[in-house]
Amino acid sequence: MTSILSIQSWVAYGHVGNASAIFPLQRLGAEVWGIHTVQFSNHTGYGAWRGQVFGADLIQDCVTGIEERGVLPRCDAVLSGYMGSAEIGTAILDAARRVKAANPEALWCCDPVIGDVGRGVFVRPGIPEFLRDEALPEADIITPNQFELEWLTGREVTTLEDAKVAVAALQARGPRCVLVTSLRLADTPEGEIGMLAGEGGHFWRLSTPMLPLSVNGAGDAIAALFLFHRLRTGSAEAALVVAASSVFGLLRRTAEAGSREILTVAAQDEFVTPSRVFAARAC
Ligand SMILES: Nc1ncnc2c1ncn2[C@@H]1O[C@H](COP(=O)(O)OP(=O)(O)O)[C@@H](O)[C@H]1O
Ligand SMILES: Cc1ncc(COP(=O)(O)O)c(C=O)c1O
Ligand SMILES: [Mg+2]
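Computed from a predicted model, the values in this text were never measured in an experiment.

Draft legend 1. Representation of the site of ligand 2 in the model. Lining the immediate surroundings of ligand 2 are 15 residues, of which His-43, Thr-44, Tyr-82, Asn-216 and Gly-219 lie closest. Put simply, the parts of the chain that give the shell around ligand 2 at least two residues each are strand S1 (3-11) and helix H7 (218-233). Its residues placed into classes, the shell around ligand 2 shows six nonpolar, eight polar and one charged.

Draft legend 2. Broad picture of the UniProt feature "binding site: ATP" (unreviewed entry) in the protein. As annotated by UniProt and renumbered to match this structure, "binding site: ATP" (unreviewed entry) occupies Asp-111 and Glu-148. The greatest C-alpha distance among the annotated residues, which extend across 38 residues, is 9.7 Å, indicating that they converge on a single site. Counting through the fold element by element, Glu-148 comes out in helix H5 (residues 146-153). Residues within four places of Glu-148 in sequence aside, it is in contact with Pro-112 and Ile-114.

Draft legend 3. How the structure looks around helix H3 (residues 86-102). In this model, H3 (17 residues) spans 25 Å end to end at C-alpha, consistent with the 24 Å of a helix rising 1.5 Å per residue. Ile-88, Gly-89, Ala-91, Ile-92, Leu-93, Ala-95, Ala-96, Arg-98 and Val-99 are the residues of H3 that are buried. On its buried side, H3 packs onto S1, strand S2 (31-40), helix H2 (56-68), strand S4 (77-80), strand S5 (107-110) and helix H4 (127-135).

Draft legend 4. Representation of the site of ligand 1 within the structure. What surrounds ligand 1 is a group of 16 residues, the closest being Thr-181, Ser-182, Leu-211, Ala-218 and Gly-219. Put simply, the parts of the chain that give the shell around ligand 1 at least two residues each are strand S9 (177-183), strand S10 (192-199), H7 and helix H8 (236-257). When the residues that make up the shell around ligand 1 are grouped by side-chain class, the tally is 10 nonpolar, five polar and one charged.

Draft legend 5. Local environment of the UniProt feature "binding site: substrate" (unreviewed entry) in the protein. Here, the residues flagged by UniProt with the feature "binding site: substrate" (unreviewed entry) are Ser-9 and Asp-220. These annotated residues cover 212 residues of sequence, but their C-alpha atoms sit close together, with the largest distance between any two at 10.0 Å. Along the chain, the position of Ser-9 falls in strand S1. If we ignore the near neighbours within four places in the chain, the residues touching Ser-9 are Val-16, Gly-17, Asn-18, His-36, Thr-37, Val-38, Phe-40, Gly-81, Tyr-82 and Gly-84. Summarising the element assignment, Asp-220 is placed in helix H7. Take Asp-220: there are 30 C-beta atoms within 10 Å of it, and that puts it in the buried class. Look past the residues within four positions of Asp-220 in its chain and what remains in contact with it is Gln-8, Val-16, Gly-17, Ser-20, Ala-21, Gly-81 and Asp-111.

Draft legend 6. The environment of Cys-283, seen in detail. Within the fold, Cys-283 resides in the segment after strand S12 (281-282). With 85 residues separating them in the primary sequence, Cys-283 and Gly-198 have C-alpha atoms 9.8 Å apart. In this structure, Cys-283 is in contact with Leu-160, Phe-203, Trp-204 and Arg-205, ignoring residues within four places of it in sequence.

Calculation rules
Residues numbered from 1 in each chain as written. Chains lettered and ligands numbered in written order. Predicted model: local features only at pLDDT ≥ 70, side-chain atom pairs only at ≥ 80, totals over all residues. Near = placed C-beta within 6 Å. Helix = DSSP H or I, 4+ residues; strand = E, 2+ residues; numbered from the N terminus. Nonpolar A, V, L, I, M, F, W, Y, C, P; charged D, E, K, R; others polar. UniProt positions renumbered as here; feature names shortened; annotations may be inferred. Contact = placed C-beta atoms within 7 Å. Expected span 1.5 Å × (residues − 1). Buried ≥ 20, exposed ≤ 12 C-beta atoms within 10 Å, placed from the backbone.

Take a look at the structure:
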């Protein structure tokens, strides 16, 4: 049984953060220990939302309570995402350290939620710097989108070579495994969207058709699925294939339904058996 401690946002309505990650992981048979960094009515992509950012002490307290149950040695991975405040970052870092102290094999998969190409930086000041300077050196897996890859490395990424150099620059600072999402490179065909995974000096690339939709939460789902399949198979390439294929199926169904929220529940079969499987190419 895979057990994952997932520390991310929660929304009452819709699917981002833990509300995008937890159910697919459970559907695949994982136990998820969910700690929420915020509880909002809906994701911030709507421009308006209500709710609260939780204090770092609440997150730390919940980790301590889990630790007191004596189960941290059974934790296979920490998954972190949208933070809400830089102080919460410190609590996440502490959680990752405590899990690794209890289980040296455990992995920390950090989704460095900072922003994206259309919206720019959409998190509070201090969070991007925390991710770059404090989280990166201790994370095992990191899942930036192209905008976040550029921000974290300070490098512009326009060609495949740029992307590989940027991924290697991240790896030199900590994480052994990197998944870059939403890649649009100079050679990306019109109408396609790419991903690049790197581990152990190897790189794999995968692309899918670009669907006519703009949603939130796909990045959170792909980080969760990539972590799960990387744990299961030990292979970044295999994890890329399944995670990308599942998210494509999820988004295809979402586009067909014309939904503003990803169809995490209605399209759940895509997590188990993606309707179309995309191949990855070594590059
Ligand atoms: N319009 C789209 N068409 C096809 N796939 C998409 C689309 N938007 C997102 N995806 C898929 O979801 C993945 C993660 O979404 P992305 O937007 O990069 O995450 P984030 O929200 O973290 O920026 C992308 O790599 C891509 O595979
Ligand atoms: C509360 C919250 N969590 C997480 C996210 C990240 O979503 P995505 O997977 O699109 O990066 C967002 C983005 O709007 C958000 O508002
Ligand atoms: Mg993201």
